[in-house]
Amino acid sequence: MTEISPSRRATVKSILRGLRIETPSWAYGNSGTRFKVFAQAGVPRTPQEKIDDAAKVHELTGAAPSVALHIPWDKVDDWAGLAAHARDAGIELGAINPNVFQEDDYKLGSICNPDPGIRRKATDHLLECVEIAEQTGSKILSMWVADGTNYPGQDDIRARQDRLATALREVYDRMPEGMRLLLEYKFFEPAFYTMDVPDWGTSYAHCAQLGPAAQVLVDTGHHAPGTNIEFIVSFLLRAGMLGGFHFNSRFYADDDLIVGLADPFQLFRLMYEVNRGGGLAADSDLAFMLDQCHNIEPKIPAMIRSITNVQEATAKALLVDTDALRSAQEAGDVLGANEVLMDAYHTDVRPLVAELRTDMGLDPDPIAAYRRSGYQQRIEAERVGGNAMGWGA
Ligand code: PSV
Ligand code: MN
Ligand code: MN
């Protein structure tokens, strides 16, 4: 077991200070499965209240300064007003996530639909989201299309790719300078035979065709069991094609559980590759976002826990003795190299992260601080009639 030297401690703390993790507005509302939504007391009734909860998470962690919106789940008339509300609460509005999957029209797809009228409608929504992003000051259009087919022969796989490319081009060309389009992939669900953007390779190919402002978004829950996600991360970072993450945990499918709870070792391996690929550098614009739904656990503490899990995995990744690792690798010392990684992984970094919070004027234990804050009691008393927002609505 290695001791953390004072200089390494300082370096890790300074990089951690710069780590920003965006929380998703939809994580604060009621959610569930197709079997049941277990409503919780005090959940937000409006986009403003979701922003307030996100701001509370940032206030206590100092690491979640923005909140992603999902349109139309978070639709308002006055976007500049919503951005001002966020600023007053102490955070910013982050990625804009269009929703082209919850209307009857989209039964056969959105921008890949065989019906040109429906493709137009879906593309117009994406363009509207670019405009919303301009008004909210958001720099990321985070795109996921649920398009695909369920049966062989249902539609022309190749024509669907053409339709996808056409719509993406229109959206990309409409984006202002400084905005990025991140294209998320998912190997199955809601379609089961083909998805139109099933994997990182498909996303990569479309993004490369679009131009430098288009990059791949890796949602950790969107892979087949056993997929080596850190390889994908390493590859995409090397190619300059990784735009951001949707972090969450999974056991079986797109479970959307708390990041780092199902497989903290995987999160460590991911963050190691992120650091190795320059994703934690001060000039990196890699977007760390969460995409989770808290079906049975209290939502604000769950978000705080998610943030602390990412921080701890990052701290461990930063503790890897890279010189020792390289020497072992070059010497072909298989077990020695692995031991260097495991040494870092087994280090208890909780005191270091707590110390950082104290340095930042925060409570070293943000969940305990939340419990003491009285915020939960207040929202439960005030937000009577809180309802499902987003999934399970
Ligand atoms: C789809 O499963 C997804 O990961 C996309 O990011 C959606 O926007 C989000 O989940 C909705 O929860
Ligand atoms: Mn996602
Ligand atoms: Mn998902």
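Conventions and cut-offs
Residues numbered from 1 in each chain as written. Chains lettered and ligands numbered in written order. Predicted model: local features only at pLDDT ≥ 70, side-chain atom pairs only at ≥ 80, totals over all residues. Helix = DSSP H or I, 4+ residues; strand = E, 2+ residues; numbered from the N terminus. Buried ≥ 20, exposed ≤ 12 C-beta atoms within 10 Å, placed from the backbone. Pairing = 2+ DSSP bridges. Right-handed = clockwise from strand over helix to strand, strands pointing away.

Per an unreviewed UniProt entry, the protein chain goes by L-rhamnose isomerase / sugar isomerase and derives from Actinoalloteichus caeruleus DSM 43889.

(A) How the structure looks around unusual backbone geometry. Between Ile71 and the following residue, Pro72, the backbone shows a cis peptide bond with an omega angle of 15°. Within the fold, Pro72 resides in the loop between strand E2 (66-71) and helix H3 (79-89). Backbone torsion omega between Glu189 and Pro190 reads 10°, so that peptide bond is classified as cis. Looking at the secondary structure, you find Pro190 in the loop between strand E6 (180-184) and strand E7 (194-195).

(B) Examining the pairing of E6 more closely. The element E6 is extensively covered by neighbouring structure, given that 5 of its 5 residues are classed as buried. Side-chain alternation along E6 places Arg180, Leu182 and Glu184 on one buried face and Leu181 and Leu183 on a second face that is also buried. Pairing analysis gives 4 bridges linking strand E4 (residues 140-143) to E6, with the strands arranged parallel. Directly across from Ser142, in E6, lies its bridge partner Leu182.

(C) Expanded view of the pairing of strand E10 (residues 287-290). Burial along E10 is two-sided: the face carrying Ala287 and Met289 and the face carrying Phe288 and Leu290 are both buried. Here strand E1 (residues 21-24) runs beside E10; their pairing, made up of 2 bridges, is parallel. Bridge assignment links Glu22 to a residue of E10, and that residue is Met289. Here 4 bridges tie strand E9 (residues 242-247) to E10, and the two strands are oriented parallel to one another. Among the inter-strand pairings, His246 is bridged to a residue of E10, identified as Met289. For the handedness criterion, the β-α-β arrangement of E9, helix H8 (residues 264-276) and E10 is classed as right-handed.

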